[in-house]
Every structure is written in structure tokens, then in C-alpha cells.
Amino acid sequence: DQRGSGLSLKLMETAERQAREWQAKWICLHVRRGATGIAAYYERQGFVRDPKGDFDRLPEVFLQAYRRAVGA
């Protein structure tokens, strides 16, 4: 129901603000394998794939890791 409402951008802005407060170097997130729409959205936000952080609990769950430098 929230698609297109800008909610994702607001959440990303909040995550960025919190990461800066914590003096974090990276923001990391996971996307369920096959969720190409959300993965593309995060890539447009500057996130890059980082297979080192993948979360593999096959056959039920496989999450692909993405990361972006804080302030990027």
C-alpha cells in the first residue's frame, strides 16, 4: 500500500542520520535473493553488492548483502 509514497527514501534518510550519529563507516542491508526491484532501488541509492555479507540459510532463506559508505 505504501509503494510510491516515498517511505523508503524517508527510512534511508533516517538510517543515514543514525549512522552518522554512531560514527559508522558503512550502512549495510540485505535483500532476499530474487527481489530485483528492491535491489535495483538500493543500487540507485548508491549501494553495491557485497557477497561477503550474504546470509545463507538454504533452502528457506538466502539474503544478498549490500553496502554503502556513510555520507556517500
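Residues numbered from 1 in each chain as written. Predicted model: local features only at pLDDT ≥ 70, side-chain atom pairs only at ≥ 80, totals over all residues. Heavy atoms only, no water.

A. Just the overall build of the chain, in detail. Counting secondary structure elements, the chain contains 2 helices and 4 strands. Counting from the amino terminus, helix and strand elements in the chain follow one another as α-β-α-β-β-β. When each of the 72 residues of the chain is scored for burial, the buried share is 22%. The contacts in the chain between residues at least 6 apart in sequence include a share of 57% that link residues at least 24 apart. When the accessible surface of the chain is split by element, carbon and sulfur atoms take 52% of a total near 5500 Å². On the chain, the mean spot of the 13 positive side-chain charges and the mean spot of the 9 negative ones are 3 Å from each other. (Helix = DSSP H or I, 4+ residues; strand = E, 2+ residues; numbered from the N terminus. Buried < 20%, exposed > 50% of the residue type's maximum accessible area, 1.4 Å probe, protein only. Contact = heavy atoms within 4.5 Å. Areas by Shrake-Rupley, 256 points an atom, 1.4 Å probe, with all protein chains shown as cover. Lys, Arg positive; Asp, Glu negative; His and termini not counted. Charge placed at Lys NZ, Arg CZ, Asp CG, Glu CD.)

B. Molecular detail of the packing of aromatic side chains. Here the structure, examined in full by the defined rule, presents 2 aromatic pairs. Between Y42 and F47 the ring centres are 5.8 Å apart and the planes differ by 65 degrees, which places this aromatic pair in the edge-to-face class. For Y42, a relative accessible area of 17% translates into the label buried. The class for F47 is buried, based on a relative accessible area of 2%. Through a chain of ring-to-ring contacts, three or more aromatic side chains come together here, namely Y41, Y42 and F47. The ring of F62 carries R33 above its face, with NZ or CZ at 4.1 Å from the centroid. (Phe/Tyr/Trp six-rings, centres within 6.5 Å; stacked < 30°, edge-to-face > 60°. Lys NZ or Arg CZ within 6 Å of the ring centre and 35° of its normal.)

C. Molecular detail of the environment of P59. Checked against the element boundaries, P59 lands in the loop between β3 (55-57) and β4 (61-69). P59 gets classed as exposed once you look at its relative accessible area, which sits at 70%. Along the chain, P59 and A24 lie 35 residues apart, while their C-alpha atoms are 33 Å from each other.

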